[in-house]
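# Structural characterization, general
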Amino acid sequence: MEEACNLSVSQVFHKDGEKYAYVSFTNGKKHAEGKIPDCKILSYEGFEESEIAQLEIYMKLELANLKKMAAGIHVMRAFMKKE
């Protein structure tokens, strides 16, 4: 991938004793969504296979940071925050 992607991380979800979060990558009209800690892309549009492989490698290398980002997201707290 030559251009930088925008990255977003969801809050941590819990299901059947498993903790996970979603990681989204966007680059213009290209979009991909992956899941951590699996570090697998679940869906994508516009990216080539080689780019998807790079995104999965990126998630593996940055897994600790991505987990910290997800753990720091509290949707209800942000929603209820008064300005």
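The structure we're discussing is the one just above.
Residues numbered from 1 in each chain as written. Predicted model: local features only at pLDDT ≥ 70, side-chain atom pairs only at ≥ 80, totals over all residues. Heavy atoms only, no water.

### Re helix H2 (residues 63-71)
Within H2 the residues assigned to the buried category are Leu63, Leu66 and Ala70. One side of H2 holds all its buried residues, which, seen down the axis, span an arc of 65 degrees. H2 presents Ala64 and Lys68 as exposed residues on the side facing more than 90 degrees away from its buried surface. Next to the buried residues of H2 lie strand S1 (6-9), strand S3 (18-27), strand S4 (30-36) and helix H1 (49-61). (Buried < 20%, exposed > 50% of the residue type's maximum accessible area, 1.4 Å probe, protein only. Helix = DSSP H or I, 4+ residues; strand = E, 2+ residues; numbered from the N terminus. Arc of directions from axis to C-beta. Contact = heavy atoms within 4.5 Å.)

### Things to note about H1
The end-to-end C-alpha distance of H1, which contains 13 residues, comes to 19 Å, matching closely the 18 Å that a straight helix rising 1.5 Å per residue would cover. Along H1, the residues that are buried comprise Glu51, Ile52, Leu55, Glu56 and Met59. The buried residues of H1 occupy an angular sector of 145 degrees when projected down its axis, which confines them to one face. Set apart from the buried face of H1 by more than 90 degrees, the exposed residues are Lys60 and Leu61. Buried-residue contacts for H1 involve S3, S4, strand S5 (40-45) and H2. (Expected span 1.5 Å × (residues − 1).)

### Considerations on the pattern of salt bridges
This structure, assessed with the given rule, holds 2 salt bridges. As a salt-bridge pair, Glu51 and Lys30 come within 3.0 Å of each other at their nearest N and O atoms. With a gap of 21 residues between them, Glu51 in helix H1 and Lys30 in strand S4 connect regions that are remote in the sequence. Looking at Lys30, the relative accessible area reads 26%, which means it is partly exposed. (Salt bridge = Lys/Arg side-chain N within 4 Å of Asp/Glu carboxyl O.)

### What about unusual backbone geometry?
Here Ile36 and Pro37 are connected by a cis peptide whose omega angle stands at 15 degrees. For Cys39, which is not glycine, the phi dihedral falls at a positive 60 degrees. As for its position among the elements, Cys39 is in the loop between S4 and S5. Looking at Cys39, the relative accessible area reads 2%, which means it is buried.

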